[in-house]
Every structure is written in C-alpha cells, then in structure tokens.
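Close look at the chain arrangement
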Amino acid sequence: MAMVVSGREAGKGQQEAAATMDAGKYVRYTPEQVEALERVYCECPKPSSLKRQQLVRECPILFNIEPKQIKVWFQNRRCREKQRKEAFRLQTVNRKLNAMNKLLMEENDRLQKQVSELVYENGYMRQQLHNASVATTDTSCESVVTSGQHQRQQNPTPQHPQRDANPAGLLAIAEETLAEFLSKATGTAVDWVQMVGMKPGPDSIGIVAVSHNCSGVAARACGLVSLEPTKVAEILKDRPAWYRDCRCIDVLTVIPTSNGGNIELIYMQTYAPTTLAAARDFWTLRYTRGLEDGSLVICERSLTSATGGPTGPASPNFIRAEMLSSGYLIRPCEGGGSMIHIVDHVDLDAWSVPEVLRPLYESPKFLAQKMTIAALRHLRQIAQETSGEVPYGGGRQPAVLRTFSQRLSRGFNDAVNGFADDGWLLLSSDGIEDVTIAINSSSNKLIGSHVNSSALFSTIGGGVLCAKASMLLQNVPPAILVRFLREHRSEWADCGVDAYSAASLRTSPYAIPGVRTSSGLSGSQVILPLAHTLEHEEFLEVIKLEGHVFNQDDVVLSRDVFLLQLCSGVDEDAVGACAQLVFAPIDESFADDVPLLPSGFRVIPLEPKTVDSPAASRTLDLASMLEIGSGAASRSVNETASSSYNLRSVLTIAFQFTFENHLQDNVAVMARQYVRSVVASVQRVAMAIAPRPSCQIEVEHIPQGFPEADTLACWISQSYRAHTGLEILRQCSQTSDSLLKLLWHHSDAIGSPVFTFSNQAGLDMLETTLIALQDIALEKTLDDGGRKLLCSEFPKIMQQGFSYLPAGICLSSMGRPVSYEQAVAWKVLNEDDSPHCLAFMFLNWSFV
C-alpha cells in the first residue's frame, strides 16, 4: 500500500535528521572524560580501532561516546599538540633572531667605528705625506711621517710598570686585562676578517672572524646558546673537556676580589699537534667578574716580565707561549639563553719550530678551529643534550659517548707527544730516522685515570710501545684523505696487526707478534655509528672487522675484531680544520670503563705559501709531469697554475701496541715495519686522490727505453686508424704536439701495457699517476673473465691488428671495480711498421 507524504512533513523529517547528525558531530566532554582521554593519550597518542573500542568498554565514564567520536578527539588532540610544538619552535626561532639581530647591529656599529678610524688615519697620513713633499728641506716632517707610520703599523704593546705579586698588583693587571679583552671583543683593537663560510643565522654556529696583521694570532666568535650565563662560564672554564689539545690545567691560586669576582693563577700545558714540534705551556692570570649590565666576563692573559706578577713554574720539555688578553663575554638573553663573545689571542713562538711548520703556528684559522669554534660547538652540544634533543647512541648517555671521544683524542695526543713524565722512553733507531719508537712500562698508561688498567698490565707483563712518524703531503685535501682511510681500511691496514692489537684486551694465544692471515681469507669492514656532533664534523663509531681467519701453530680459527673509532674534520669546506682518524681495539662487551689504546692518523693543513722560485712553485703531483709544448709562455702558465694550487699538509701517524717484556724487541721490529708499510700505502693513496691541475701538461719524466710521449701518441693514433679505419681523435691532421694534447683530454680511458702511457681519463679510471702507472700489471687490472677473453683474442689482435671486447669489469689500483660498455685492443706499430706494444681503450667506464 502506497503512502503519500506531504511536503511539510518531509521537510520536518529532514530537519530532525540534520539535528540528530549535528548532535552526533559535536560532543561536549566532561572534565572527567577529558582527564581519562588525556591519560590514554600520554601512553598512546595514536590508538588503534581495537584500542578505542576497548577504552569505551573499560572506562564507564565514556559509555555514551562512540569510538568514532573518540577517534576524532585523538585527531584533534594530536593537531593541538603539533600546533603547540610549532608555536614553541617559532617563539624559539624568534628569540634567536632577535638576539642575532642585536648581535649583528653591534657588529655593524663596531665595523662603522673601525671604518671611521681608518678614514681618519688615511686622511692624516695623506696630509703628512703632502707636507713632507712640500717641505723637502725640512727633515723633521719626514721623521714625523716615518714615526707615525711605524707607530700605527707596528702598534707596539704598551709597557706597563712592574707590579708586585700581591693582591693589589694582581687586581691592577686583571682590570687592564679586562679592558683590553673588551676592546677586542666589542671594539676595534684588532682588525678582524670574517672567516669564509661562517654566515650568521638562527641555526649557525655564530659569527667567526680571524685577525689580520696583529701581534700573534687571534680569533673571535659571537654566538647564541640556550644555556644560562653561569652554566656557560662553568663549561668554558673546564677547558680540557672541549679543548682537545689541552693536556692539563692547574689552578694554583684563587684570590677573591672586592668587586665580587676572583683572580686565578693558572698553569696550562698543551699538546703539540705533530711529532715535528715541541709542546707549549702557559702561565696566566684569569679574572672572573660580573658587569653592571648583568653580563659575566672571564678574561685571561699571560704573566710575563713586562706585565709583572709572580713567576710561574717551568717545564723543560715545553716552550713557554704567551696568551694575550683573551676571554669570554657572556650576556643573558631575554627569554633565556646567553649571547657569547669569545676572543682567543696567543703568540705561539713560531720561530722555535721548523720553517715548514711555521704557517701552522702563524695561522689564525687553525686557532679558530681548534679553540674558538670548538668552544662554541661544545656549548651547543651540551645545550642540545640538556634539552633532551640528542638521542642515545647504543643505549648510552651522550655524556658517556662524549667521554669516549675525549679519551681517544687524549690517548692519541699522548702517543704523538710521548712525554717523559708519563713514562715514555725512546728506543734507539735501526739507522733510519723515519719512524720513532718509544715504550712506556707505567701501569697507568692506558687512557683514563678512572680506568683500572693494572689487571691488563699484569696479564701482558710488559708495557706499551708506540711507533710514530710524520711526513709532508702536497696537494692532498686532508678531508678527502681521511675519509678514504676511514672507508677503505683494507688499503692500508693489516688484519694480523689488528688481531694482535685486539688480543691485548683478553687472554688469547694470539698476543704475540707474527700473526699472519690465512691465505685467501680476509675480513670485511662494518661501520656501526654511535654518535655524531650537531654539525656532523665528528663521528664516533664502532668498526667490526668480520671474517678474520688466523693461522697459528696449524690451528685455524675465526674471530671478529672490534674497534672504537673517532673521525673528525671530513668536511672539505671547513677552513683551517685538521682531519683525524683515531681508533682503539675494544672487546665485545664494550664497557663504559673499557681501557683504550688509541692509534691513528692526523692531517693538518698548512697555509698556502707564495714561492718565488719557479722550480719550487711547481706542484709535487706526479700527474703534472706532462706538458704540451716547450715555450717559455707555456711554462709560465704552468708555474702560475701550480703556485695557485699549492696545498700542503702535515700527516702524523702513531700506532700503539702492547708487548710482553721478553718480546719487546720483536714487537719493536714489527711495529717499525708496519708503520713504514702504512706510510707507503698512504703515500700511494695520496698520489691517487690528489686533484690534478687542469692546465698545460709538460713532458719531463718519460720512462727509460720508450719513445717520447708525443711520438707514442702519434703511433697510437695512426695504428688505430690503420687497423679499424676510424679516427680515434676528432682532429687527425694536426701536429704531434696537438695529437698528444687531444689524446690526453680524450673522454675514454686510453693506455698501453705494461701501462707505460695513459691519458687523463685512464689515470682517473685506474686511480693512479703516471709514475705509479708503470707498476700496474695488466693481469691485476682485468678480472678473471677479462683475462681469459684477452688470452683467447690475443692471436686475433696480432693477426688482424685489433679486436673489440665486450662489456666487463676491471679493477683500479685501489681495488675499486670499474665497469665499461666496450673495450678496444689494437696493435701499436712504430715508424718501421713493427709491433711496439698493445693499446687499450675503455668506452663509457664508471665506478661500480
């Protein structure tokens, strides 16, 4: 039976349905319901459908709410939480931007003041020069100009009256130190030049500048950290915690002052960065006090005969360096946090080191990286850890991981310096002074005074032996070299030596030298990251060397080797930063107090130095031995390019081994030979990865018994055309010089075995240089399939003159696989049409 519904009744039904939907869409929760939902949200912000249904069943106060409505509540709650976090983040960024804006305005005012002073001095000097040129007969004017120039250029340190070593005299020194420090931090006492790549911003480390034409070397930084001023001062005073080159710091005297501050007399020792120089020590006065604007100041300077004050302790193995007025200005920021000004100004007595190392001690950029920027980075790291934003690595707290990094760095520095008061004793050399051997039999040698190493030394019944060496590298970027050593350990390390080092941590039959890896068996490297700093300039990781099989006394056993490794300075854009790779064997348990015996590499860049001699200005990179043409113009171009690309660095290597007393001589021989083999491997790697100048190429070193390079290039080109009917070069009608140039820049890898010649692409593919090219055998470059195919095609090549080889894989000198789409082999004929050698061309090659 059909029913007819009027329009009025239908409209009324629709309104009731809509009202019912609205009532279901908008739900008003009671405070008890909100509290129950909040408890669940804290445990599980995103509950599943089953979880929501279970919540309705188990919670009586939610019986009248549908699971769908609870789902909407959790969605809204997550949205509100996200909005709250975003609002907090924006407020934090806004505070940083306001503080950074204030910092930039102060920096702008300081620069404007410096410009005004320079303009005034420039006008004054112009006037004096004009007066001197007009009154040529008046010599007094010239003397005024000369004395004025000398006074402004040299800017000698004012001589202070001698003070007594009493509190009043020390307070006078402290107040003068404070005034000089503030003039450097916020004034124009030093001409500051901003470091490249240090741009200000809310997430940047800060504004970093270095000195220009001042006494000693200086660096300055301004930055923001989310720590209170008193906490910042406490962290900065603990210098060994963040300054890796600080060996020890002793506060000998503390004198309170009437203005609420205190004066400290401090003796500090620092490590030498390389074995080629002596370590430095400082005798300083440190002054801490608050300013009227609420800022906190920590300033410091050396006490010398010129400044007055007491005489500090002397150490025979250290060279006394001078710290000029330096320190920290810590200002509180609105809303929390601190604004920090850091000034480091030292005179390291550069004339006491070898001439090749003087750029290192005269480089303000190196000082900025080692001290100034390191302090800011440490503060930011502590601030992040305090806020809980740094995740735990391997289940360990960040402070524990940071302690591991400090112990690795300190242990490596102790090995490089080998101080006598630590128990180190030098051994006589074997007649060659390239490797230094030192031993240490003290029971507290293992790094970390809190570590009980007596049990270990009672086990080994001997001590620790260190083999170390330093060398100068040319045109090798430190970051690239250290990154390669980290990623390709098999290129320089020996599995047996790694096993011997690891055996010192446990009772093992392999704790004797001479362990050898079984034939055909080697281990692979697995990197297990533990922690890294905020800017990823330092990595702490565990290295697992898998599948090591050792053969001793006809017993074959397998054992994994674990290393704790610290890698830093692998950022190629960091100006003046040294690169370092330090590692120490550990056992599987890896306890927090595990004894560490670090070894490793350190590569320190030296400032580019302008060389006047054309011969000296040429790069040591062996790939630059080729040059097209012999005119004076081409040589001058090459010399200019070489001098502009003259990057030098110092490599320091130190390896430590435990030994038993009756095996000391054997371990010394093994360590010396091992370090020499590592040095040779690093030299080979350095030559392979050294960037090559893209300039003119000069033929200077052609292997004996072979034709000149241009003649060989002509034979290669003509033979290819005669056998294949194709042109290997686009321009074949040029002179022999042009043929060599075109062949050198050919996009495909071209070479002749036993690799007496190769173009640039061939050197890149083989990862080698022209001189090292002669030591590469063809059978070691091709894989098994390539060698078999070449043997089968050899009769065809000799009869037909050439052969096309299919796609395959070959190996570079570094062991990296290289794939190619096709290869061509042809017979190279000399002027008498007699076979001279074979040539190969690898098309469209790339690293796998």
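What counts, and where the lines are drawn
Residues numbered from 1 in each chain as written. Predicted model: local features only at pLDDT ≥ 70, side-chain atom pairs only at ≥ 80, totals over all residues. Heavy atoms only, no water. Phe/Tyr/Trp six-rings, centres within 6.5 Å; stacked < 30°, edge-to-face > 60°. Lys NZ or Arg CZ within 6 Å of the ring centre and 35° of its normal. UniProt positions renumbered as here; feature names shortened; annotations may be inferred. Helix = DSSP H or I, 4+ residues; strand = E, 2+ residues; numbered from the N terminus. Pairing = 2+ DSSP bridges. Axes fitted to C-alpha atoms, helices over the stretch in contact; angles between N-to-C directions. Contact = heavy atoms within 4.5 Å. Buried < 20%, exposed > 50% of the residue type's maximum accessible area, 1.4 Å probe, protein only. 1 Å grid on protein atoms, 1.4 Å probe; cavity = no way out; pocket = protein on both sides within 12 Å on 5 of 7 lines; lining within 4 Å. Points joined across faces, edges and corners; volume = space filled by probe spheres on them. Nonpolar A, V, L, I, M, F, W, Y, C, P; charged D, E, K, R; others polar. pLDDT = per-residue confidence, 0-100. Salt bridge = Lys/Arg side-chain N within 4 Å of Asp/Glu carboxyl O. Core = buried A, V, L, I, M, F, W, Y, C linked by side-chain atoms within 4.5 Å. Polar contact = N/O pair within 3.5 Å; in protein donor to acceptor, adjacent residues only side chain to side chain. Expected span 1.5 Å × (residues − 1). Bend = angle between axes of the 7 residues up to and from the residue. Parallel < 35°, antiparallel > 145°, perpendicular 65-115°, else oblique.

Before going further, it helps to examine the packing of aromatic side chains. Per the counting criterion, the structure on display carries 18 aromatic pairs. Here the aromatic residues Trp492, Tyr500, Phe583, Phe601, Phe655, Phe657 and Tyr674 are joined through ring pairs into a cluster of three or more. In this structure, Arg486 is placed above the aromatic ring of Phe539, and the distance from its NZ or CZ to the ring centre is 5.6 Å. The ring of Phe583 carries the charged tip of Arg489 above its face, separated from the ring centre by 4.5 Å.

Turning our eyes to something else, we now look at the UniProt feature "coiled-coil region" (unreviewed entry) in the protein chain. The UniProt record annotates "coiled-coil region" (unreviewed entry) at residues 90–121. Secondary structure across residues 90–121 divides into 100% helix and 0% strand, with the first and last C-alpha atoms of the span separated by 46 Å.

As a further point, take the sheet that holds strand E16 (residues 524–532). One open sheet accounts for nine strands, arranged E12-E13-E14-E23-E22-E21-E20-E17-E16; its pairing is antiparallel. Of all the strands in the sheet, the pair left with one neighbour each is strand E12 (424–426) and E16. Neighbour to neighbour, the strand axes of the sheet diverge by 20° on average, direction disregarded. Pairing of strand E13 (residues 436–440) with strand E14 (residues 462–474), which is carried by five bridges, proceeds in the antiparallel orientation. Along E14, the bridge assignment pairs Ile437 with Ala467. Packed onto the sheet, helix H11 (residues 398–417) meets E12, E14, E16, strand E17 (538–546), strand E20 (561–568), strand E21 (579–586), strand E22 (599–606) and strand E23 (648–660) and runs at close to 95° relative to E23. Seen against the sheet, helix H17 (residues 664–689) touches E13, E14, E22 and E23 and runs at an angle of roughly 155° to E23.

Turning our attention to the pairing of strand E7 (residues 296–302). The side chains of a regular strand alternate, residue by residue, between the two faces of the sheet. Among the seven residues that make up E7, seven are buried, leaving the element largely enclosed by the rest of the structure. Here strand E6 (residues 279–290) pairs with E7 via seven bridges, running antiparallel. Note that in E7 the partner of Arg289 across the bridge is Val297. Sheet topology places E7 next to strand E10 (residues 326–332); five bridges connect them, and they run antiparallel. The residue of E10 that forms the bridge with Glu300 is Ser326.

One water molecule sets the probe size; rolling that probe over the atoms shows where empty space is left. What the rule picks out here adds up to seven cavities of 30 Å³ or more. Taken as a whole, the largest cavity encloses approximately 290 Å³ of empty space. Lining the largest cavity are 22 residues; nearest its centre among them are Tyr243, Asp245, Leu348, Tyr361 and Phe366. Among the secondary structure elements, those contributing two or more residues to the lining of the largest cavity are strand E5 (262–270), E6, helix H9 (358–361) and helix H10 (364–386). The element best represented in the lining of the largest cavity is H10, accounting for four residues. Tallied by class, the residues present in the lining of the largest cavity amount to 17 nonpolar, two polar and three charged.

Attention now goes to the confidence of the model for the protein chain. Within the protein chain, residue pLDDT values average 77, and 76% of them lie at 70 or more. Here residues 447–460 scores under 50 on pLDDT; set against residues more than four positions off or in separate chains, the count is 29 contacts. With pLDDT under 50 throughout, residues 693–707 is counted as low confidence; its partners more than four residues away or in other chains account for 44 contacts.

Moving on, we get to the pattern of salt bridges. Scanning the model with the defined rule gives 23 salt bridges in all. Of the charged contacts, one joins Glu385 and Arg402 as a salt bridge, the two residues approaching to 2.4 Å between their closest N and O atoms. Here the residue Glu385 occupies a position in helix H10, and Arg402 occupies one in helix H11, the gap between them amounting to 17 residues. Of the residues examined, Glu385 reaches a relative accessible area of 19% and is grouped as buried. Note that Arg676 is salt-bridged to Asp434, the shortest N-O span being 3.0 Å.

Let us look at the nonpolar core. In this structure, Leu465, Leu481, Trp492, Phe601, Phe655 and Phe657 are the most contacted members of the largest nonpolar core, which totals 50 residues. Per element, the largest residue contribution to this core is 13 residues, and it comes from H17. Those residues in contact with Leu481, other than ones at most four positions away along the chain, are Leu473, Val476, Val603, Val682, Val685 and Ile689. By size, the runner-up hydrophobic cluster in this structure holds 39 residues, among which are Val208, Val210, Ala233 and Ile235.

Let us now look at the side chain of Ser295. By secondary structure assignment, the location of Ser295 is in the loop between E6 and E7. Here Ser295 falls in the buried class, since its relative accessible area comes to 4%. Polar side-chain contacts of Ser295 include one of 3.1 Å to the side chain of Asp293. With residues near it in sequence (within four places) discarded, Ser295 still touches Arg289, Gly290, Leu329, Ile330, Arg331 and Pro332.

With that settled, the discussion passes to the sheet that holds strand E27 (residues 808–811). If you walk across this open sheet you meet the three strands as E27-E28-E31, and the pairing is antiparallel. Single-partner strands in this sheet number two, and they are E27 and strand E31 (846–847). Of the strand pairs in this sheet, strand E28 (residues 817–820) and E31 are connected by two bridges, and their pairing is antiparallel. When the bridges of E31 are listed, Ser819 appears paired with Ser846.

Moving on, we get to H10. Between the first and last C-alpha of H10 there are 32 Å, a value that for 23 residues agrees with the 33 Å anticipated at 1.5 Å per step. Where H10 bends most, the angle comes to about 40°, and this point is Ala374. Taken across its 23 residues, H10 has 19 buried, putting it largely inside the fold. Positioned one or two residues after H10, Gly388 has a phi angle of 80°, which is positive.

Turning to the packing of H10 against H11, a few remarks are in order. Between two packed helices, what matters for the description is the angle formed by their axes and the separation of those axes. It is at 11 Å that the axes of H10 and H11 come closest, and there the two elements cross at 155°. Taken together, H10 and H11 sit at an angle that is classed as roughly antiparallel. The residues of H11 that touch H10, namely those facing His378, Ile382 and Glu385, are Pro398, Ala399 and Arg402.

Below, the discussion takes up the pairing of E22. Of all the eight residues making up E22, eight are buried; the element is thus mostly covered by neighbouring parts of the structure. Alternating residues of E22 divide into Ser599, Phe601, Val603 and Pro605 and Gly600, Arg602, Ile604 and Leu606, and every residue in both groups is buried. Two strands pair when backbone bridges link them, and E21 and E22 are joined in this way by five bridges, in the antiparallel orientation. Note that in E22 the partner of Val582 across the bridge is Gly600. With seven bridges connecting them, E22 and E23 associate as antiparallel partners.

Along helix H14 (residues 495–503), nine of the nine residues are buried, which leaves the element largely enclosed by surrounding structure. Looking at H14, one finds that the buried residues are Cys495, Gly496, Val497, Asp498, Ala499, Tyr500, Ser501, Ala502 and Ala503. Between the side-chain oxygen at the start of H14 and the backbone nitrogen of Gly496 there is a gap of 2.9 Å, and the oxygen is on Asp494.

Before going further, it helps to spend a moment on the environment of Thr307. Residue placement: Thr307 occurs in the loop between E7 and strand E8 (318–320). For the pair formed by Thr307 and Ile173, sequence separation is 134 residues and the distance between their alpha carbons is 7.2 Å. Only 2.9 Å separates the side chain of Thr307 from the backbone nitrogen of Thr304, close enough to count as a polar contact.

Position of Phe181 relative to the elements: it lies in helix H6 (residues 167–185). Put simply, Phe181 and Ser326 are 145 residues apart on the chain and 5.6 Å apart in space, counted from C-alpha to C-alpha. Ignoring anything within four residues of it in the chain, the contact list for Phe181 reads Val297, Cys299, Ser325, Ser326, Gly327, Tyr328, Leu329, His341 and Val343.

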